[in-house]
Amino acid sequence: MSATPARIAVCPGSFDPLTMGHVDIIERAARLYDRIVVAVLLNADKRPLFSVDERVAIIEDVFAGRDNVTVDTFEGLLVDYARQKGASVIVRGLRAVSDFEYEFQMALMNRHLAPHIETTFLMPAEQYTYISSRLIKEVFSLGGPIDGLVPPVVEAKLHARRQARLLPDARPT
Ligand code: PNS
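Residues numbered from 1 in each chain as written. Predicted model: local features only at pLDDT ≥ 70, side-chain atom pairs only at ≥ 80, totals over all residues. Heavy atoms only, no water.

## Re the sheet that holds strand E4 (residues 89–93)
Judged by pairing direction, the sheet is parallel, and its five strands sit side by side in the order E3-E2-E1-E4-E5 without closing on themselves. Either end of the sheet is taken by a strand with one partner, and the two such strands are strand E3 (69–74) and strand E5 (118–122). For this sheet, the mean angle separating the axes of adjacent strands, direction not counted, is 30°. Here strand E1 (residues 8–13) runs beside E4; their pairing, made up of two bridges, is parallel. Paired with Ala 9 across the bridge in E4 is Val 89. Here helix H4 (residues 97–113) sits on the sheet and contacts E4 and E5; the angle it forms with E4, its principal contact strand, is near 175°. (Pairing = 2+ DSSP bridges. Helix = DSSP H or I, 4+ residues; strand = E, 2+ residues; numbered from the N terminus. Axes fitted to C-alpha atoms, helices over the stretch in contact; angles between N-to-C directions. Contact = heavy atoms within 4.5 Å.)

What follows is the structure, given as structure tokens:
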């Protein structure tokens, strides 16, 4: 009798920075699939907050205890990368209706490009439905609290950035 092939899923994204919403989705995916490859897109944003290497290190740190989660980078078409990894599934998080149109377009384009790779959408816990990397950066740069919204390692790195004056402090003077 042949063994069932491992179900490999790719969780792609920019992760600049990793939020608790991302963590929630990756953990849910790790319970559903045999192996998760968290894939950080290379060079999408010309002025990222964290370098790709820093983002990979952060995700590795957060999922150090999860044997079935690995972290990698990719460029080019996501479906080509997924095929190369032997993944049959792409996992994306859906927070609100506002995410839907963009995600729907991407999922259908990816299906057009690679009909055998399925996109699955997972919903994060309610308390994370309003979090995005963009809002985290904005709130932090304006002096607002972000504890509980990002993993502690991200919070520590953001504070270190501010201390080293590598983050613009956008608070009104
Ligand atoms: O977290 P993000 O920034 O919304 O992630 C977007 C991502 C990385 C999933 C998307 O930009 C992507 O898949 N880029 C790779 C290029 C590609 O395959 N484009 C065609 C898909 S429609």
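## Notes on the packing of helix H2 (residues 52–62) against helix H6 (residues 152–163)
Packing of H2 against H6 brings their axes to within 10 Å, and their N-to-C directions diverge by 145°. Contacts between H2 and H6 involve Glu 54, Ile 58, Asp 61 and Val 62 from the former and Val 153, Val 154, Lys 157 and Arg 161 from the latter. A per-class count over the contact of H2 with H6 returns four nonpolar, no polar and four charged. (Nonpolar A, V, L, I, M, F, W, Y, C, P; charged D, E, K, R; others polar.)

## Some remarks on the side chain of Thr 19
Along the chain, the position of Thr 19 falls in the loop between E1 and helix H1 (20–32). On the basis of relative accessibility, which here comes to 2%, the residue Thr 19 falls in the buried class. Excluding residues within four positions of it along the chain, Thr 19 makes contact with Ile 131, Ser 132, Ser 133, Ile 136, Leu 149, Val 150 and Pro 151. (Buried < 20%, exposed > 50% of the residue type's maximum accessible area, 1.4 Å probe, protein only.)

## Notes on the environment of Glu 60
Structurally, Glu 60 is set in helix H2. Placed 22 residues apart in sequence, Glu 60 and Val 38 show a C-alpha to C-alpha distance of 9.3 Å.

## Some remarks on the packing of helix H5 (residues 133–141) against H6
Orientation of H5 relative to H6, taken along the N-to-C sense of each, is 45°, at an axis distance of 12 Å. Looking at the two axes, H5 sits oblique to H6. By crossing handedness, the relation of H5 to H6 is classed as right-handed. Residue-level inspection shows Ile 136, Phe 140 and Ser 141 of H5 in contact with H6, the latter providing Leu 158, His 159 and Arg 162. (Parallel < 35°, antiparallel > 145°, perpendicular 65-115°, else oblique. Left-handed = near helix turned anticlockwise from the far one by under 90°.)

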